[in-house]
Each structure stands twice: as C-alpha cells, then as structure tokens.
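Each chain is listed here by its residues.
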Amino acid sequence: MTIQELKFITDENIDVEVVHFLREQGLDVFDIKEEGLYAISDREILKLSVQNSQIIISQDSDFGTLIFKEMADFYGIIYLRPGHHAAVVHLQTIRTLLQTNMDLSPPFLLVAENNDGKIKFRLREFGKK
C-alpha cells in the first residue's frame with residue numbers, strides 16, 4: 001500500500017501543524033488531541049490503531065518497547081526522530097516520506113529520522129495480517 005492509501009492516528013505529541021498538513025495531503029487522520037483523549041495510554045492507542053486499521057504517528061519510542069518487549073499487537077507505527085522538535089522538522093520528514101512512494105504492508109514499524117535535514121527511513125515489516 002502507498003502511504004496515501006493508509007489511515008492514521010496521531011499521538012498527542014504530534015503538533016497540530018503536522019496534523020493539518022497530513023489532511024491537506026488528502027490523508028485520513030484521527031488526532032488524539034482533537035478527540036480529547038489526552039490521558040489515553042499507549043496500549044490503548046495501539047488497540048484503537050488495530051481496531052480501525054490506522055497507522056500511529058508518534059515521537060514516542062514507548063510504542064517500540066510495547067511491540068518488541070511485550071509483543072503487543074499493532075497495525076503500524078511511524079516513529080519520528082528526533083522527538084520533541086518543532087513542527088517544521090517533522091513536516092520536512094513527512095514531505096520527504098510522501099515523495100518516496102514507499103510501499104508499506106501492515107504491520108510495520110517505520111523509523112523516520114531527520115538529522116539536520118538529512119532524512120533516512122528504516123522500515124521493518126512484520127508480515128501480513
């Protein structure tokens with residue numbers, strides 16, 4: 001699947017500018033903040049993601065811990081690194097990701113890393129569900 005064919009759920013640490021940009025690109029985005037789900041746990045976000053076939057976009061490495069150490073069920077995760085930077089950094093990363101036309105098969109973990117404008121992606125697919 002291309003990234004344009006997927007649905008997304010944005011963690012509360014994803015800036016509203018990023019959410020708006022994703023929607024401007026025609027992507028289906030469910031935002032945790034807009035839904036008033038600030039106190040929801042990462043496990044609950046994973047469950048929502050699986051139930052609704054949504055890819056989580058987050059700056060939180062705890063999702064990786066849940067899927068690797070606790071073997072939590074998941075649909076897909078895009079982990080933006082480094083975390084907790086200005087929206088402009090993540091917008092640059094996401095623009096580049098959209099331009100790659102990467103083929104993604106859930107479940108997967110995609111680490112999208114932006115080091116001073118040098119962007120690299122590491123994709124790990126876990127087989128089709």
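In the block above lies the structure referred to throughout.
Residues numbered from 1 in each chain as written. Predicted model: local features only at pLDDT ≥ 70, side-chain atom pairs only at ≥ 80, totals over all residues. Heavy atoms only, no water.

## Topic: the sheet that holds strand 5 (residues 108-115)
Alright, step 1. An order of 2-1-3-4-5-6 is seen for the six strands of this open sheet, with the pairing classed as mixed. Each edge of the open sheet is held by one strand with a lone partner, namely strand 2 (28-31) and strand 6 (118-125). Strand-to-strand twist in this sheet, taken as the mean axis angle between neighbours without regard to direction, amounts to 20 degrees.
Alright, step 2. Relative to strand 5, strand 4 (residues 76-81) is paired through six bridges, and the arrangement is parallel. Within strand 5, the residue paired with Tyr-79 across the bridge is Val-111.
Alright, step 3. The strands touched by helix 1 (residues 16-24) within the sheet are strand 1 (7-10), strand 2 and strand 3 (54-58), with strand 2 carrying the most contacts at an inclination of about 155 degrees.
Alright, step 4. This element, helix 2 (residues 42-51), spans strand 1, strand 3 and strand 4 of the sheet and lies at about 145 degrees to strand 3. (Pairing = 2+ DSSP bridges. Helix = DSSP H or I, 4+ residues; strand = E, 2+ residues; numbered from the N terminus. Axes fitted to C-alpha atoms, helices over the stretch in contact; angles between N-to-C directions. Contact = heavy atoms within 4.5 Å.)

## Regarding helix 2
Alright, step 1. Listed in full, the buried residues belonging to helix 2 are Asp-42, Ile-45, Leu-46, Leu-48 and Ser-49. Taken around the axis of helix 2, the buried residues stretch over an arc of 165 degrees, which confines them to a single face.
Alright, step 2. Ser-53 occupies a position one or two residues after helix 2 and carries a positive phi of about 50 degrees. (Buried < 20%, exposed > 50% of the residue type's maximum accessible area, 1.4 Å probe, protein only. Arc of directions from axis to C-beta.)

## Considerations on the environment of Arg-23
Alright, step 1. Note that Arg-23 resides in helix 1.
Alright, step 2. A relative accessible area of 30% means that Arg-23 is categorised as partly exposed.
Alright, step 3. Ignoring any residue separated from it by four or fewer positions in sequence, one finds Arg-23 in contact with Val-29, Asp-31 and Glu-34.

## A closer look at the pattern of salt bridges
Alright, step 1. Scanning the model with the defined rule gives six salt bridges in all.
Alright, step 2. For Glu-113, the salt bridge identified is with Arg-81, shortest N-O distance 3.7 Å. Placement of Glu-113 in strand 5 and of Arg-81 in strand 4 is noted, with a sequence separation of 32 residues between them.
Alright, step 3. Take Glu-113: its relative accessible area is 12%, and that puts it in the buried class.
Alright, step 4. When its relative accessible area of 29% is taken as the criterion, Arg-81 is described as partly exposed. (Salt bridge = Lys/Arg side-chain N within 4 Å of Asp/Glu carboxyl O.)

## Digging into the packing of aromatic side chains
Alright, step 1. Counted under the stated rule, the structure contains two aromatic pairs.
Alright, step 2. Arranged with centres 5.9 Å apart and planes meeting at 50 degrees, the rings of Phe-68 and Phe-126 form a pair that is tilted. Of this pair, Phe-68 sits in helix 3 (residues 62-68) while Phe-126 sits in the segment after strand 6; the two residues are 58 residues apart in sequence, bridging distant segments of the chain.
Alright, step 3. Among the residues examined, Phe-68 registers a relative accessible area of 36% and is labelled partly exposed.
Alright, step 4. Looking at Phe-126, the relative accessible area reads 31%, which means it is partly exposed.
Alright, step 5. A centroid spacing of 5.2 Å and a plane angle of 85 degrees characterise the contact between Phe-74 and Phe-126, whose relative ring orientation is edge-to-face. (Phe/Tyr/Trp six-rings, centres within 6.5 Å; stacked < 30°, edge-to-face > 60°.)

Any functional reading would require information that these geometric values do not contain.
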